[in-house]
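Examining the three-dimensional arrangement
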Amino acid sequence: MSAIERRPTDWASPAMQARIAARYRAERNFRRLGATALVVAAGFLAFLLFTIVRDGWSGFLRTEARLEVTFTPATLGVDPAAVAGPDGKAMLARADYVALLNEAARGLGPASGTLSDAAWLALRERLLADPGLLGQRVSLWVPVRSTIDLLAKGKFDLEAPADSRGVSDREVAAWRWLEREGRLRTGFNSAFLGNADSTEPELAGIGGAALGSLFTLFITIIIAFPLGVLSAVWLEEFAPRGRLADVIELSINNLAAVPSIIFGLLGLAFFLNIAGLPRSSPLVGGITLALMIMPVIVIAARVAIKAVPPSIRDAALGIGASPIQVVFQHVLPLALPGIMTGTIIGIARALGETAPLLLIGMRAFVTDVPQGLSAPATVLPMQVFLWSDDVQRGFVEKTSAAILVLLVILIAMNSLAIYLRNRFERRW
Amino acid sequence: MKLLIALALVLALAGLAYLAGRARATRLTLAAGGRIGAVHSRPVYHGAYVAVLALAPALIVLAGWGLAGEGVIEGRVLATLDAASQPAPGPDRAALMNEVRGLVAGDLPQAFNPLAPVLAPRYAATKTNLDLLAGALAVALLCLGGLWGYSRIRPDFRARNRVEMQVRILLLLASVVAILTTFGIVLSLIFESIRFFRMVSPVEFLTGLAWSPQTALRADQVGSTGAFGAVPLFWGTIFIGAIIAMAVAIPLGLMSAIYLTQYAAPRLRRWLKPVLELLAGVPTVVYGFFAALSVAPVVRQVAVALGMADASADSALAAGLVMGVMIIPFVSSMADDALAAVPRAMRDGSLAMGATMSETVKKVMVPAALPGIIGGVLLAVSRAIGETMIVVMAAGLAANLTANPFSSVTTVTTQIVALLTGDQEFDSAKTLSAFALGLVLFGMTLVLNIYALAVVKRYREAYE
Amino acid sequence: MNQNPAQKPAIGHNSVPKMTARDVNVFYGQKQAIRNVSIDVTSEHVTAFIGPSGCGKSTFLRCLNRMNDTVDGARVEGRIELDAQDIYAPAMDVVQLRARVGMVFQKPNPFPKSIYENVAYGPRIHGLARAKADMDNIVESALRRAGLWDEVKDRLGESGTAMSGGQQQRLCIARAIAVDPEVILMDEPCSALDPIATARIEELIDELRGRYAIVIVTHNMQQAARVSQKTAFFHLGTLVEYDDTSAIFTNPRETRTKDYITGRYG
């Protein structure tokens, strides 16, 4: 053995010991760097959640003022004698509550202008519930304007100079008066969850957008799920090796990575301008999103189908089942958890998507809950976008509150997907 | 609604066809004494065969009518007008027909266009007639198909094989939707872009340095104002998506992946991975809101502190930073996959030489995983340049050709949204330019994706 | 070395053991993989670990340079010493330990780098070469000792992964000896190789024995008989018998050893 002789390494020498110490320092620094990167990423998520919760939780609350109202028939423009008659209810429903509200608001003195434009609805509701109150004086709680609402929630910096704090001295004085008189209370904002959009922050709600999201996702699911699963089955189980399968596979892989806004252009050019489907509707939005998430479902379903071991197929084929029976009776049921996981992730993505819907007009200002699949509608993330653009200060907390609702739904969906994946993940 | 009723009717009839086919096959089976094999297929298959034959043509008719019917009706209604008063195709015509439909449905109390009240009764009549005609055609085809299928039921008829062939065709059709979607995208982008390039030369679009589509609104100046130079947009897209965002996402994502795969205790990893996935599940509109409301003011203050008095509220930096954070989980999970694909033996080989973990990672794992990591980064870039909401909400609309991260730049996606969400005149260069931008974006991401997927695939195969 | 089985050599009796293990237990989570193993490894000898699959021989081998540290949930109890130093003591530096106790794996695992860089990797991270010439010397000497020099001296810049399996494994051996270790652990180094490459590696092991303590895990009894001077038989996580190879193969004390060697199970 002709080897060049070397002296054995002297590990104990000071130079070597110093070198080893330096290497360990580098090791620790590197490790710390990794931990820092994770902490920064997770910290960002925490900070984002923190600011949104901080700004948004008060969106679920709203401030109301106590108002004394006398249901004067003359102001309402109704004939007290006719109330008991057959058209009494209808007449009361048509009465002039705005005039009544204006009259009652005068009783608030300096705060007479603080009530919401929609406060008359509370008056009507009360009287319709109990027509016997006509002519009586009652005290009831009505919503206040957004500015007063924000003042009550402490959203303004009152120390700041008047011209930069975003609220006038008159409004501050009115609020102070209401507070002093004990006329303000803060309660759960049911209007926020039930109402549709509005130009007034205190009246705007996510109900319309939530229903629009539901309609849109309904269309998306009934199109994307069957299409996705069926094409995954074809690609995994039946596709003959060849050009067609390659082209389909390439299409799906690329569609999965095409920017979502491109699907919006497709929706605009094809579904709206060529097919003439109704603009701004959940129908078109749903179809567009379905095409967008179909590749996600196909890819997840293929992985799940591939994970079913061939022995199961062989066993079923061996007792005389046809390939179609094997797939639909054995392979798909076993692959279902994986397919569901992929589908839920795809739907969550569709639920959070905004860009393509912008292009097909789903940014319409819709003040009513959507009436159907082809009526104009908006969706939750779009509502967030629209409100975030609004200059009125009251919409900041609404935006954050809407984001909270959206995030809660999305986190629930993603957690369900992760749970399904872990619970049903089978090792063969 | 009418379509839904027709659909329900057709489905119900197909259900009847199924029951009839099944009943006949059951009778045949009983007549044959119920021996296995006396009747080739089980009754359900005979039923399904009859139902499919009945349903398929009817559905095709209904789908075709649903897609094309409105156009046919419009054409026939407009044809009743004399040639001179027919509105030109495009927005005028669409507005008129909208009014007509509004009058018919009763949503619109009064029309602006004097032609609308004239056309409304004709429209209603034509629509009723043609809808009925289409429905009748569907039902007739349904009956014919069903009867033909029913007549074929015999003991030796291979209904199961037929049904399975039909199912296979259905599977194939479902798969073809992906190709159709791709074609739909490519065709609609190319078609509209060609119309755009008739007004503005492609050379000017791809190399021009000035972008200001608003000035081109005057019809006589379209194409001659030089306002469609998209280079500032391409630069803004790359600046935000490929430079600033990646400067955030690559180091953070890569280091997170390294920490999670090599250092973190399994329990920590089990908790942190879903947290990162959660970061990926946050809708982009939320990031956009966050960028505009929380990050942009801070960035602006920094710019002012650095002496830029006219710092704008929209900055490339704010959008790019937040986009980078959005991409972290993506980069991290791609890097995670790439590192996990490096054989454990390679890691062990290095550790057994007495290398520390960081030396192993830096000198063996990352070089070995590099193709996979690069592929992942390219996919991330493709994702960042196609991202829309963050830049729409935080990057601004000013087409500046600048490398100053504190100034406002605009991107391809921002412009597409801005061009297509204002008042739309569908034939103007302004609107059509959005499709040209879309075509460029699609082309860029397509090249990136195909290349990146190929790199990743080759890399996976290298270690299999 | 004395190859005559009739003459009982005094291996491990009159020389100081290089590594000693006392009452070693290894757990993977709740599962115990190794029970109370005590063994001495001597310099200038080849020690073979044999036994059926899953008997714990590889697990025990990986304890000797603490490679089990890299396995999640692995726990080692007992005492293992290298030159009378406890290698699991807090004062022991793993990096240094692994430089002194090298390892060759079952499947050749060259790094995706050039042949030269593969061999230079260890000396570089440990800072064993001051100048380029030093490094060239180290690389050449390691490749020579691994019997690879003549085959690769003209293509040192080529990728280590482009060689044949047998060459790759010899490259891995060269990589291990480039840091000049005192002990070399080999975990079934020939199981992925063809017979000719195996013969080449076995020759190499015999040549290397003059300088290092070599421990080889193998499931091939002929190989153990051919290359080793001492053999340990593992079964179900315990050390059944440890003796001179000649004794084990001609006159095993334990029936289990005898059954295994004669092919009754395994």
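Along each chain, the written sequence defines residue order, and numbers are assigned to residues from 1. Here every chain gets a letter starting at A, and every ligand a number starting at 1, in the order they are written. Owing to the predicted nature of the model, reporting of local features is limited to residues with pLDDT of at least 70; listing and counting of side-chain atom pairs is limited to 80 or more, with chain, interface and lining totals taken over all residues.

1. What about the overall build of chain B?
A run of H or I in DSSP counts as a helix once it spans at least four residues, and a run of E counts as a strand once it spans at least two, with each numbered from the N terminus. When helices and strands are counted, chain B shows 15 helices and zero strands. Radius of gyration here uses only the C-alpha atoms, and the compact-globule reference equals 2.2 Å multiplied by the residue count raised to the power 0.38. Scaling as 2.2 N^0.38, a compact globule of 464 residues should have a C-alpha radius of gyration of about 23 Å, whereas chain B reaches 31 Å, well beyond that. In terms of its C-alpha atoms, chain B occupies a principal-axis envelope of roughly 85 × 70 × 35 Å. Counting other C-beta atoms within 10 Å of a residue's own tells you its class, since 20 or more makes it buried, 12 or fewer makes it exposed, and anything in between is partly exposed; those C-beta atoms are placed from the backbone. The burial tally for chain B puts 47% of its 464 residues in the buried class. We call two residues in contact whenever the C-beta atoms placed from their backbones are within 7 Å. In chain B, of all internal contacts separated by at least 6 residues, the share reaching a separation of at least 24 is 73%.

2. Considering the packing of helix α10 (residues 243–257) of chain A against helix α5 (residues 159–199) of chain B
One way to put it is that α10(A) packs onto α5(B) with a least axis distance of 8 Å and a crossing angle of 60°. Taken together, α10(A) and α5(B) sit at an angle that is classed as oblique. Pair α10(A) / α5(B) crosses with left-handed handedness. Residues A:Val247, A:Ile248, A:Ser251, A:Ile252, A:Asn254 and A:Leu255 of α10(A) lie in contact with α5(B), whose contacting residues are B:Ser175, B:Ala178, B:Ile179, B:Thr181 and B:Thr182. Axis angles are defined between N-to-C directions and span 0 to 180 degrees, where every axis is a line fitted to C-alpha atoms and, for a helix, only to the segment in contact. Roughly parallel refers to an angle under 35 degrees, roughly antiparallel to one over 145, roughly perpendicular to one between 65 and 115, and oblique to any angle outside these ranges. In this scheme, a crossing is called left-handed if the near helix is turned counterclockwise away from the far one by less than a right angle; it is called right-handed if the turn is clockwise.

3. A short note on the domain arrangement of chain B
These domain limits were set by an automatic method or by a database of domain assignments. Each assigned domain of chain B is listed here: domain 1 (2–157) and domain 2 (231–462). Relative to domain 2 of chain B, the C-alpha centre of domain 1 of chain B lies at a distance of 48 Å.

4. Examining the environment of C:Gln106
Residue and element names in this part refer to chain C. Relative to the assigned elements, Gln106 resides in the loop between β6 (101–104) and α3 (115–126). Judged by C-beta crowding, with 16 C-beta atoms within 10 Å, Gln106 ranks as partly exposed. Once residues lying within four places of it in the same chain are set aside, the contact partners of Gln106 are Asp187, Glu188, Ser191 and Ala192.

5. What about the sheet that holds strand β9 (residues 230–235) of chain C?
Residue and element names in this part refer to chain C. A pair of strands is considered paired only if DSSP assigns at least 2 bridges between the two. Spatially, the six strands line up as an open sheet ordered β6-β7-β8-β3-β9-β10, and their pairing is mixed. Strands with a single pairing partner mark the edges of an open sheet, and in this sheet they are β6 and β10 (238–244). The mean angle between the axes of side-by-side strands here comes to 15°, regardless of whether they run parallel or antiparallel. As paired elements, strand β3 (residues 46–50) and β9 share four bridges and run parallel to each other. Paired with Thr47 across the bridge in β9 is Lys230. Its contacts with the sheet place helix α6 (residues 165–177) against β6 and β7 (183–187), and it is angled at close to 170° to β6.

6. Thoughts on the nonpolar core
A set of buried residues drawn from Ala, Val, Leu, Ile, Met, Phe, Trp, Tyr and Cys, joined through C-beta atoms within 7 Å, is what defines a nonpolar core. With 304 residues, the main nonpolar core has B:Ala291, B:Ala319, B:Val322, B:Val331, B:Ile390 and B:Ala394 as its most contacted residues. The element that contributes the greatest number of residues to this core is helix α7 (residues 231–263) of chain B, accounting for 18 residues. Other than its neighbours up to four places away in sequence, B:Val331 contacts B:Ala249, B:Ile250, B:Gly253, B:Leu254, B:Gly376, B:Val377 and B:Ala380. Ranked by size, the runner-up nonpolar core spans 29 residues in total, among them A:Phe71, A:Tyr97, A:Leu108 and A:Leu127.

7. As for helix α1 (residues 2–31) of chain B
All names here are of chain B. One less than the number of residues in a helix, times 1.5 Å, gives the span that helix is expected to have. With 30 residues, α1 should cover 44 Å at 1.5 Å per step; its first-to-last C-alpha distance of 43 Å lies within 8% of that length. Those residues of α1 that fall on the buried side of the exposure criterion are Ala6, Val10, Ala14, Ala17, Tyr18, Ala20, Gly21, Arg22 and Ala25. Buried residues in α1 make contact with α2 (43–79) and α4 (115–151). A positive backbone phi angle near 85° is found at Gly33, which sits one or two residues after α1.

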